[in-house]
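Examining the three-dimensional arrangement
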2 protein chains.
Amino acid sequence: MKQKCILILSVIIFFLSPSALQLRLSNRFHIAQMKKGHINENSGKYKYEIKTFEVPVDHFSFTVKDKFNIRYLVNDTWHHENNAPIFFYTGNEGDIEVFAENTGFMWEIAPEFGATVIFAEHRYYGESMPFGNKSFSDPAHWGYLTSQQAIADYVDLIEYLRSNEIRKHSPVIIFGGSYGGMLSAWMRMKYPHIVQGAIAASAPILQFTGVSSCESFARIATSSYRAACDTCPKLIRRSWNVIMNVTSNDEGKKWLSENWKLCQPLTNSTHVEELQAFLEDVYGTIAMVNYPYETSFIVPLPPNPVKVFCNHLSNKSLTGKPLLTALYKALNVFTNYTGQTNCTDIKDASGNLGAQTWTYQACSEMLITICSDGVNDMFRSEPWDIKKISEDCFKKCGIHSDPYMVCKEYGCKDLSTATNIVFSNGLMDPWSGGGVLWNLSSSATAVIIPEGAHHIDLRGSNPRDPYSVILARKYHRYYIKQWIKQYRQKKNRILVT
Amino acid sequence: MKQKCILILSVIIFFLSPSALQLRLSNRFHIAQMKKGHINENSGKYKYEIKTFEVPVDHFSFTVKDKFNIRYLVNDTWHHENNAPIFFYTGNEGDIEVFAENTGFMWEIAPEFGATVIFAEHRYYGESMPFGNKSFSDPAHWGYLTSQQAIADYVDLIEYLRSNEIRKHSPVIIFGGSYGGMLSAWMRMKYPHIVQGAIAASAPILQFTGVSSCESFARIATSSYRAACDTCPKLIRRSWNVIMNVTSNDEGKKWLSENWKLCQPLTNSTHVEELQAFLEDVYGTIAMVNYPYETSFIVPLPPNPVKVFCNHLSNKSLTGKPLLTALYKALNVFTNYTGQTNCTDIKDASGNLGAQTWTYQACSEMLITICSDGVNDMFRSEPWDIKKISEDCFKKCGIHSDPYMVCKEYGCKDLSTATNIVFSNGLMDPWSGGGVLWNLSSSATAVIIPEGAHHIDLRGSNPRDPYSVILARKYHRYYIKQWIKQYRQKKNRILVT
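Residues numbered from 1 in each chain as written. Chains lettered and ligands numbered in written order. Predicted model: local features only at pLDDT ≥ 70, side-chain atom pairs only at ≥ 80, totals over all residues. Heavy atoms only, no water.

The next thing to look at is the interface of chain A and chain B. Facing 48 residues of chain A, the contacting portion of chain B comprises 48 residues. Across the chain A/chain B interface, buried area totals approximately 3,900 Å², and carbon plus sulfur atoms make up 56% of it. Here chain A and chain B share four salt bridges between them. A salt bridge links D414(B) to K490(A), with the shortest nitrogen-to-oxygen separation between them at 3.1 Å. For the pair chain A and chain B, the interface holds 22 residue pairs in polar contact (both at pLDDT 80 or more). Where the side of chain A that touches chain B is concerned, the elements lending two or more residues are α4 (139-142), α5 (147-162), α6 (179-190) and α15 (405-410) of chain A. The class makeup of the residues in the side of chain A that touches chain B is 21 nonpolar, 15 polar and twelve charged. (Contact = heavy atoms within 4.5 Å. Buried area = accessible area lost by both parts, 1.4 Å probe. Salt bridge = Lys/Arg side-chain N within 4 Å of Asp/Glu carboxyl O. Polar contact = N/O pair within 3.5 Å; in protein donor to acceptor, adjacent residues only side chain to side chain. Helix = DSSP H or I, 4+ residues; strand = E, 2+ residues; numbered from the N terminus. Nonpolar A, V, L, I, M, F, W, Y, C, P; charged D, E, K, R; others polar.)

Shown next, in the form of structure tokens:
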């Protein structure tokens, strides 16, 4: 997986490439743009008011006194009793409405619990900009983009919600998928007195230096393709050299540009590199959203997109241009499922605000480890090289990366004191390798979804849901009930007045 | 307890007066000055190297890139085996050497555990100044004086210590008394993956708005005097009016100034007010350090100073000038136990750096509640008035106080998830009312020392120690052993590599 930033986690987590000579964001822009056109998949189904809430730019000093508004969505249709639960989504890297539309599970169970539903937008994303259009002008402005500050925003919002007498003793259950799930888990760990429990879906909180293997994403993605068709990942692996060979001269570049209907023709080796990085992103993304039903979460995709993709790559004798022709057909599952796309766009995404924002996080604290060896996986060989990443980040963001920051702040190797968290992971999800796959304690438990892709359990129910997903959601409801009960019992004791 | 900032907690925690029309720091200067002359009580007994360690000014943003050095003391005389424990004192509001000299318990048990002893200095105190002599020039400089930042300093220092291969898997036990104990407890709550257990002695982590009663300090102090002699607190209560009556004219002011050998004669009502605030501070402080043996912790004091003080106030018929004469004799127990003091100094302490520093903390996050009613206690009537305090703080520090900050950040009412903390409290200590006096969980336990004053258990052992203190220290050792054992067992499992 070379010179790229993979589009991962929920909607738009962008990981920096291990070896990125520059912090390219290539295809993510493409994907993010497509996403924007499709966030309303469930529009009309989930109703909410959009509100704003004032938070301090800096929760941890008395030097910066600036304040700004974060957005949040609220629906209290089902809130009929005092101190009814609050279901609170800890927004991650994107427009909060995208997460609201794609977290059907919360909407579906809210009536049963009489819960108020809240989706809070992560600072520096969507419309929650601390310094307006200057938010990314320099470190003085973007430097408050940290998970701790975002979690502190959510703490403030919850305290505000509970300042209303009718919610004074409302148990708060937090939910998050992907980076949002990491935030949920960390928030429960750091603020157990504020939130009573967390459903952390597909949260790779262990995908950091020295904890989980950096190869896991590439290997699980490859395994997902292999499960669809044994030949498929082999042909993908073979394609890297074929692409290099075919595009080694101008005629070949022209051939590929025309046959793949590239919006921008390949005219030099950098373009070829960008194309390959784009392909790797697409493979990773399809593996992540390999849901058993049609979705428009990231781009419009058919049910079981990995299988549909691999259907075009089942002939093991394919090589040379015929392999690339087959690969293009497979690629169309991702780039043109609707049949409406005129050309294949692999543009750099650095102009996209969401993508740019994640770049800062990925350069500062979220140094999630990704690598590939091209042998045990179908990607190009690329070691994890923190030195190079740090250099790239310094050029891009003016910061020297600290790969140990997250584990120092939240813990990685020893999470045995965590309580009231469900860590759910779909084993088809390439991110599951960085997830918590075993019970940390009697109340911080792992829920495994063998047939699940990236946080499928947080999505709305679907007739095609595999049983393991249905079961996972039952676990979630069980634990949520337990946490609420526990809180209410405790409330009646001396500690809570 | 009117218009004053009480000298409390360990050496020099200064609380802002509830009603302080201005943030006066009166007598604390006096006390702090005296303290400075006496920090070497045990000098020579405890040996350490003085080192420095670089930390970021701001741990929670990427905007501020300044760094500075905190001091720490280290003794690894007893460290003979790899991964031996680290005993780490989370420094509080003062020169770290003072705490090293007055925390004999750590020194006494270190050999038994083969532990390395570390005392870390709190930022903005002693010689650990983030911006040198500009550290208090304006909020841009002092704004990073928060408990979270201080705790993060300690996390960094521990990570650094463990970066040495011989300490890679050293269990870290943290110790703290008073505000230092609050830091220890909070640090274990927030960073259980970094520190394995905490001895939080006399840590009034519940002495905040809406949690503990603000009267507890005054009532327990009064009770301590009453235990020594029933008449004593009654005479103290009576003395307030007597002082006002006697000093209502110039002749009376002169009489009192001369008879009490005041360094600065009383010439107006403000002086009288300062004198009364000073007296209240002295009463509170004597109750805190009411140890059964001679100490020089804050000032040189005899064994059982409350009793010695009250010996002069046992004649219940005393009133008028004879009462004040007796009170002066009693006061001498505190102001002139050595017989070397030429005059009674009640000067404002605002020029003292340590005092000034605590003022910022007390104005920003450490809004510890203190009040008195003059009926159930021996102090002057003074309600807790957060509005007034906030106004005073704004004038003094340019900040609007937030009394709910600590409980939001660390929790107060619901601490049920806390683990591996011993909360020890001496019931003779006026601060015990804000301490954790019951077990929070099976591993976050309360140790009560009925005959104990302020964190006596952290002091070195003394033949006059009451049995409850000896027992408390046994508990501490037992829990420390448990925590170390637990950590070593876990280390051998999968989570710790």
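Mapping chain A onto chain B is achieved by rotating through 180 degrees and translating by 0.0 Å along the same axis, at an RMSD of 0.0 Å. Here the copies are linked by what is in effect a two-fold axis. Ranked by how close their C-alpha atoms come to the rotation axis, the residues of chain A are headed by K190(A), at 2.8 Å. Interface overlap between copies: 100% of the residues of chain A at the interface are likewise at the interface in chain B, consistent with a symmetric, same-surface contact. (Least-squares fit on C-alpha atoms with pLDDT ≥ 70 in both.)

Packed helices, taken two at a time, are described by their axes: the angle between them and the distance between them. All names here are of chain B. Where helix α7 (residues 216-228) meets helix α10 (residues 269-288), the closest approach of the two axes is 9 Å, and the angle between their N-to-C directions is 70 degrees. In this view, α7 runs roughly perpendicular relative to α10, as classed from their interaxial angle. Crossing geometry of α7 relative to α10 is assigned as left-handed. Within the contact between the two elements, α7 uses F217, A221 and Y225 and α10 uses V282, Y283, G284, I286, A287 and M288. (Axes fitted to C-alpha atoms, helices over the stretch in contact; angles between N-to-C directions. Parallel < 35°, antiparallel > 145°, perpendicular 65-115°, else oblique. Left-handed = near helix turned anticlockwise from the far one by under 90°.)

Both the distance between ring centres and the angle between the ring planes are used here to describe each pair of aromatic rings. Evaluated as defined, the whole model comprises 55 aromatic pairs over all chains. On the numbers, 5.7 Å between centres and 85 degrees between planes, the contact of Y225(A) with F309(A) is edge-to-face. Residue Y225(A) is located in helix α7 (residues 216-228), and its partner F309(A) is located in helix α11 (residues 305-311); the two are separated by 84 residues in the primary sequence. Taking 6.0 Å as the distance between ring centres and 55 degrees as the angle between the ring planes, the aromatic pair formed by W240(B) and Y283(B) counts as tilted. With W240(B) in helix α8 (residues 231-246) and Y283(B) in helix α10, this residue pair connects regions lying 43 residues apart in the sequence. (Phe/Tyr/Trp six-rings, centres within 6.5 Å; stacked < 30°, edge-to-face > 60°.)

Below, the discussion takes up the sheet that holds strand β6 (residues 116-120) of chain B. The pairing of strands in a sheet happens through backbone hydrogen bonds and is either parallel or antiparallel. Residues and elements named next belong to chain B. An order of β3-β4-β6-β5-β7-β8-β9-β10 is seen for the eight strands of this open sheet, with the pairing classed as mixed. Lying at the two open borders of the sheet, with one neighbouring strand each, are β3 (49-56) and β10 (444-449). Each neighbouring strand pair of the sheet contributes to a mean axis angle of 20 degrees, computed without reference to strand direction. (Pairing = 2+ DSSP bridges.)

Now for helix α14 (residues 386-397) of chain A. Residue and element names in this part refer to chain A. Over its twelve residues, α14 extends 15 Å from the first C-alpha to the last, a length consistent with the 16 Å expected when each residue adds 1.5 Å. Of all the residues in α14, the buried ones are I389, S390, D392, C393 and C397. Summarising the axial view, the buried residues of α14 lie within an arc of 165 degrees, below the 170-degree limit, and thus occupy one face. For α14, the exposed residues set more than 90 degrees away from the buried face come down to K387 and K395. A positive backbone phi angle near 70 degrees is found at G398, which sits one or two residues after α14. (Expected span 1.5 Å × (residues − 1). Buried < 20%, exposed > 50% of the residue type's maximum accessible area, 1.4 Å probe, protein only. Arc of directions from axis to C-beta.)

This part covers α7(A). Since the α-helix advances by 3.6 residues per turn, residues separated by three or four positions end up pointing in the same direction. The end-to-end C-alpha separation of α7(A) is 18 Å, in line with the 18 Å expected for 13 residues at 1.5 Å each. The complete set of buried residues in α7(A) reads S216(A), F217(A), A218(A), I220(A), A221(A), T222(A), S224(A) and Y225(A).

To continue, consider the side chain of S390(B). Residues and elements named next belong to chain B. Tracing the backbone through its elements, the reader meets S390 in helix α14 (residues 386-397). Using a relative accessible area of 13% as the deciding quantity, one classes S390 as buried. At a separation of 3.1 Å, a polar atom in the side chain of S390 contacts the main-chain amide nitrogen of S401. When near neighbours in sequence (up to four residues on either side) are disregarded, S390 contacts I399, H400 and S401.

All names here are of chain B. Considering all chains together, one arrives at 42 salt bridges over all chains under this definition. Here R123 makes a salt bridge to D153, at a shortest N to O gap of 2.7 Å. With a gap of 30 residues between them, R123 in the loop between β6 and α4 (139-142) and D153 in helix α5 (residues 147-162) connect regions that are remote in the sequence. Neither R123 nor D153 differs from the other in exposure class; each is buried. Of the charged contacts, one joins R380 and E273 as a salt bridge, the two residues approaching to 3.0 Å between their closest N and O atoms. Within this pair, whereas R380 is found in the loop between α13 (353-364) and α14, its partner E273 is found in helix α10, the two being separated by 107 residues in sequence. For the pair formed by R380 and E273, the shared burial category is buried.

Before going further, it helps to spend a moment on a nonpolar patch on the surface. There is a patch of nonpolar side chains on the surface, built from L427(A), L437(A), W438(A) and I448(A) and spanning about 300 Å² of accessible area. Here L427(A) lies in the loop between β9 (421-426) and β10 (444-449). (Patch = residues over 30% accessible without salt bridge, like charges linked within 9 Å, V, L, I, M, F, W, Y side chains within 5 Å. Areas by Shrake-Rupley, 256 points an atom, 1.4 Å probe, with all protein chains shown as cover.)

What follows concerns the state of the cysteines. Tallying each qualifying case throughout the model produces ten disulfides over all chains. In this model, C263(A) is linked to C343(A) through a disulfide, with the two sulfur atoms separated by 1.9 Å. Taking the torsion about the sulfur-sulfur bond, which here is approximately 95 degrees, the covalent link between C263(A) and C343(A) counts as right-handed. Highlighted residues: C263(A) in the loop between α9 (250-259) and α10 (269-288) and C343(A) in the loop between α12 (320-335) and α13 (353-364), separated in sequence by 80 residues. Covalent S-S linkage joins C407(B) and C412(B), the inter-sulfur distance amounting to 2.0 Å. Handedness of the C407(B)-C412(B) disulfide follows from its S-S torsion of about -85 degrees: it is left-handed. Judged on exposure class, the residue C407(B) and its partner C412(B) are both buried. Should the bonded cysteines of chain A be numbered as they appear in the sequence, the pairing reads 1-7, 2-4, 3-5, 6-8, 9-10. Summary of cysteine pairing: C229(B) is not part of a disulfide, and the nearest cysteine sulfur, belonging to C232(B), is at 5.5 Å. (Disulfide = S-S within 2.5 Å.)

Turning our attention to the sheet that holds β10(A). Residue and element names in this part refer to chain A. Strand order in the open sheet formed by eight strands is β3-β4-β6-β5-β7-β8-β9-β10, and the pairing between neighbours is mixed. Single-partner strands in this sheet number two, and they are β3 (49-56) and β10. The average angle at which neighbouring strand axes cross in this sheet is 20 degrees, direction not considered. Bridge analysis of β3 against strand β4 (residues 67-75) gives eight bridges, and the strand direction is antiparallel. Bridged to T52 within β4 is R71. Where helix α16 (residues 467-491) meets the sheet, it contacts β5 (86-90), β7 (172-177), β8 (197-201), β9 and β10, and its direction lies at approximately 165 degrees from that of β10.

Before going further, it helps to spend a moment on the side chain of S224(B). You can see S224(B) is positioned in helix α7. When sequence neighbours within four positions are dropped, the list of residues in contact with S224(B) reads N290(B), V306(B) and M428(B).

On to the confidence of the model for chain A, then. All names here are of chain A. Scored by pLDDT, chain A has a mean of 88; 88% of the residues are at 70 or more. Here residues 1-41 is a poorly scored stretch, pLDDT under 50, and it has 188 contacts once near neighbours within four places are set aside; other chains count. Taken together, the stretch residues 348-353 has pLDDT below 50 and engages in 17 contacts with residues farther than four places along the chain or on a different chain. Taken over the whole predicted complex, pTM reads 0.91, whereas the ipTM for its chain interfaces reads 0.90. (pLDDT = per-residue confidence, 0-100.)

We now examine the packing of helix α8 (residues 231-246) of chain A against α10(A). Residues and elements named next belong to chain A. Across the interface, α8 lies against α10 with an axial gap of 11 Å and an inter-helix angle of 165 degrees. Of the possible angle classes, the one that applies to α8 and α10 is roughly antiparallel. For the pair α8 and α10, the sense of crossing is right-handed. On α10, the residues that touch I236, W240, I243 and M244 of α8 are V272, Q276, L279, E280 and Y283. The residue makeup of the contact of α8 with α10, split by class, is seven nonpolar, one polar and one charged.

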